[in-house]
Amino acid sequence: MNKNAAWQTILVTGGAGYIGSHVVLQLVEAGERVVVLDDLSTGFREAVIGAELIVGNVGDRVLVAKTLREHGVDTVMHFAARTIVPESVADPLRYYGNNTCATRNLLECCRDAGVRHIVFSSTAAVYGIPEGGRASETTPTAPINPYGSSKLMSEWMLRDLAAAGGPCYVALRYFNVAGCDPSGRIGQSTKNATLLVKVACEAALGKRGHLSIFGTDYATPDGTGVRDYIHVDDLARAHLDALRYLRDGGASTTLNCGYGHGYSVREVLAAVGRAHGTPVPFVEEPRRAGDPPSLIAVSDRIRGTLGWQPRHDDLDFIARTALAWERKLAPVRHSGA
Ligand code: UD1
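Residues numbered from 1 in each chain as written. Predicted model: local features only at pLDDT ≥ 70, side-chain atom pairs only at ≥ 80, totals over all residues. Heavy atoms only, no water.

Asks: Any chance you could explain the packing of helix α4 (residues 92–113) against helix α5 (residues 146–163) here in plain terms?
Replies: Geometry of a packed helix pair, given as the angle between the helix axes and the separation of the axes. Close contact between α4 and α5 brings their axes to 8 Å; oriented N to C, the two are set at 15 degrees. As judged from the angle between their axes, α4 and α5 are roughly parallel. Of the two elements, α4 crosses α5, and the hand of that crossing is right-handed. In this structure, α4 contributes Pro92, Tyr95, Tyr96, Asn99, Thr100, Thr103, Arg104, Leu107 and Arg111 to the contact, and α5 contributes Pro146, Tyr147, Ser149, Ser150, Lys151, Met153, Ser154, Met157, Leu158 and Leu161. (Axes fitted to C-alpha atoms, helices over the stretch in contact; angles between N-to-C directions. Helix = DSSP H or I, 4+ residues; strand = E, 2+ residues; numbered from the N terminus. Parallel < 35°, antiparallel > 145°, perpendicular 65-115°, else oblique. Left-handed = near helix turned anticlockwise from the far one by under 90°. Contact = heavy atoms within 4.5 Å.)

Asks: Explain the packing of aromatic side chains here, please?
Replies: Note on aromatic pairs: each is described by the distance of the centres and the angle between the planes. Enumeration over the complete set of coordinates arrives at 3 aromatic pairs. Aromatic side chains Tyr259 and Trp308 sit 6.5 Å apart centroid to centroid with 10 degrees between the ring planes, which places their arrangement in the stacked category. One end of the pair, Tyr259, is in the loop between β12 (253–257) and β13 (263–264); the other, Trp308, is in the loop between α9 (300–306) and α10 (315–328), and 49 residues separate them in sequence. A relative accessible area of 5% means that Tyr259 is categorised as buried. The class of Trp308 is buried, set by a relative accessible area of 1%. (Phe/Tyr/Trp six-rings, centres within 6.5 Å; stacked < 30°, edge-to-face > 60°. Buried < 20%, exposed > 50% of the residue type's maximum accessible area, 1.4 Å probe, protein only.)

Asks: Teacher, can you tell me more about the environment of Leu68 here?
Replies: Mapped onto the elements, Leu68 comes out in helix α2 (residues 61–70). Taking the C-alpha atoms as reference points, Leu68 and Val34, 34 residues apart in sequence, are found 12 Å from one another. Aside from chain neighbours lying at most four places away, what touches Leu68 is Leu11, Val73, Val76, Cys109, Cys110, Ala113 and Val115.

Asks: I tried to follow the state of the cysteines on my own but got confused; where do I start?
Replies: Within the structure shown, the criterion is met by 0 disulfides. A disulfide-free cysteine, Cys101 has its sulfur positioned 14 Å from the sulfur of Cys109, the nearest such atom. In this structure Cys257 is not part of a disulfide, and its nearest cysteine sulfur, from Cys180, lies 18 Å away. On the accessibility criterion, Cys257 (0% relative accessible area) is buried. (Disulfide = S-S within 2.5 Å.)

Asks: Sorry, what's going on with the pattern of salt bridges here?
Replies: Between side chains of opposite charge, a pair can form when the charged atoms approach closely. Taken as a whole, this structure holds 26 salt bridges when the rule is applied. Residue Asp160 pairs with Arg159 through a salt bridge whose shortest N-O separation is 3.0 Å. One network of salt bridges, in which partners are shared, links Arg61, Arg104, Glu108, Arg111 and Asp112. (Salt bridge = Lys/Arg side-chain N within 4 Å of Asp/Glu carboxyl O.)

Asks: Explain the pairing of strand β7 (residues 168–174) here, please?
Replies: Across a regular strand the side chains alternate sides, sitting on one face of the sheet and then on the other. Most of β7 is tucked away, with 6 of its 7 residues classed as buried. Both strand β5 (residues 117–123) and β7 contribute to a ladder of 7 bridges, which runs parallel. Bridging across to β7, His117 finds its partner in Cys168. Pairing between β7 and β12: 5 bridges, direction parallel. Counted as the bridge partner of Tyr174 is Cys257 from β12. (Pairing = 2+ DSSP bridges.)

Asks: Looking at this structure, how should I read the site of the ligand?
Replies: Around the ligand, the surrounding shell holds 22 residues, and the nearest of these are Thr123, Asn176, Leu196, Ser212 and Asp291. At 2.9 Å, a backbone N or O of Phe214 approaches an oxygen atom of the ligand. Bound to the protein, the ligand loses 91% of the 740 Å² it would expose on its own. The element best represented in the shell around the ligand is strand β9 (residues 211–214), accounting for 3 residues. (Near = heavy atom within 4 Å. Polar contact = N/O pair within 3.5 Å; in protein donor to acceptor, adjacent residues only side chain to side chain. Areas by Shrake-Rupley, 256 points an atom, 1.4 Å probe, with all protein chains shown as cover.)

Asks: Just checking my understanding: could you explain the sheet that holds strand β10 (residues 226–227) for this structure?
Replies: Strand pairing in a sheet is mediated by backbone hydrogen bonds. Such pairs are either parallel or antiparallel. The strand order β6-β15-β10-β13 describes an open sheet built from 4 strands, whose pairing is mixed. If you trace the sheet from one side to the other, it starts and ends with β6 (134–135) and β13, each paired once. Here β6 runs beside strand β15 (residues 294–297); their pairing, made up of 2 bridges, is parallel. Each residue of the ladder has a partner; that of Ala135, found in β15, is Ala297.

So this is what it looks like as structure tokens:
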């Protein structure tokens, strides 16, 4: 992929985290030169395969400027962020600081260093509660939690900076990312995870006593929340497609990353149960703060613009790869649930 750009380096912030590490692996496999900046607050050193890891924070202007300069960085893929919706409701300033302010700092350094391309990790949470539970890129943005707002503000900065002659960008709005590297090399190792598929795998393997279903009275087919679950391997490939698009001179754009159909919490539990061979133990609880009832992507634009073609649009495959990784991890039993 990088045949015309032997000198170009890609800086991946948050590259030791769940999604970032999967992207790093694909970039390295494609022959790209990659350097990772991660403060290891939620990421893992061992998840960075085939790339140099610099331990530090995106908010550290001196470190970011030095890294861009010394590595000849041409493209930045920016994943470093806090991403847990209920945590953002409880501690909004942490999200505005860690996500929005740190991104502003990074963008300033990128502008000053002449970085040409940025691929930004945004979120479906910018849509809030879209009408009919579906969102296309033209759906009005109306976040209902600080996490979504913190990412939307970063999108605005990217847009305005590009209009002022700054880097071209692709902002990818992720829907619900799940599953792990199909080859089993890396996965989701987050401690105290909150993501449904991971929590369900932990419950299946007895690392938790049960899973709590948050809300059974939504206006959805079975009363539980509906999301568009996308395999992390397909999501990672979208970043490489975005890179190719930008290098080919593509204009700045914002794209949904989802398959275009949704599953309920109960359907996800059933899939993990099938992968494990026994039902996942659960209890029913009230709704969780900040959760929309349904969030599904209209994903025509990413397919048309980048030529992105998903390979793992299969909830059972997502469950199997997530469970396989969970089995590999140490058998830590969480307190509480
Ligand atoms: C996830 C992402 C968020 C992204 C959003 C897009 C993370 C940590 N979260 O949030 O960044 O913006 O997708 O849609 O990456 N649920 C339970 N029990 C549980 C956990 C979850 O019932 O123990 C339910 C939730 O109420 C929700 C669904 O499962 O209906 C998915 O929740 P979760 O996996 O936490 O993801 P989101 O909150 O949608």
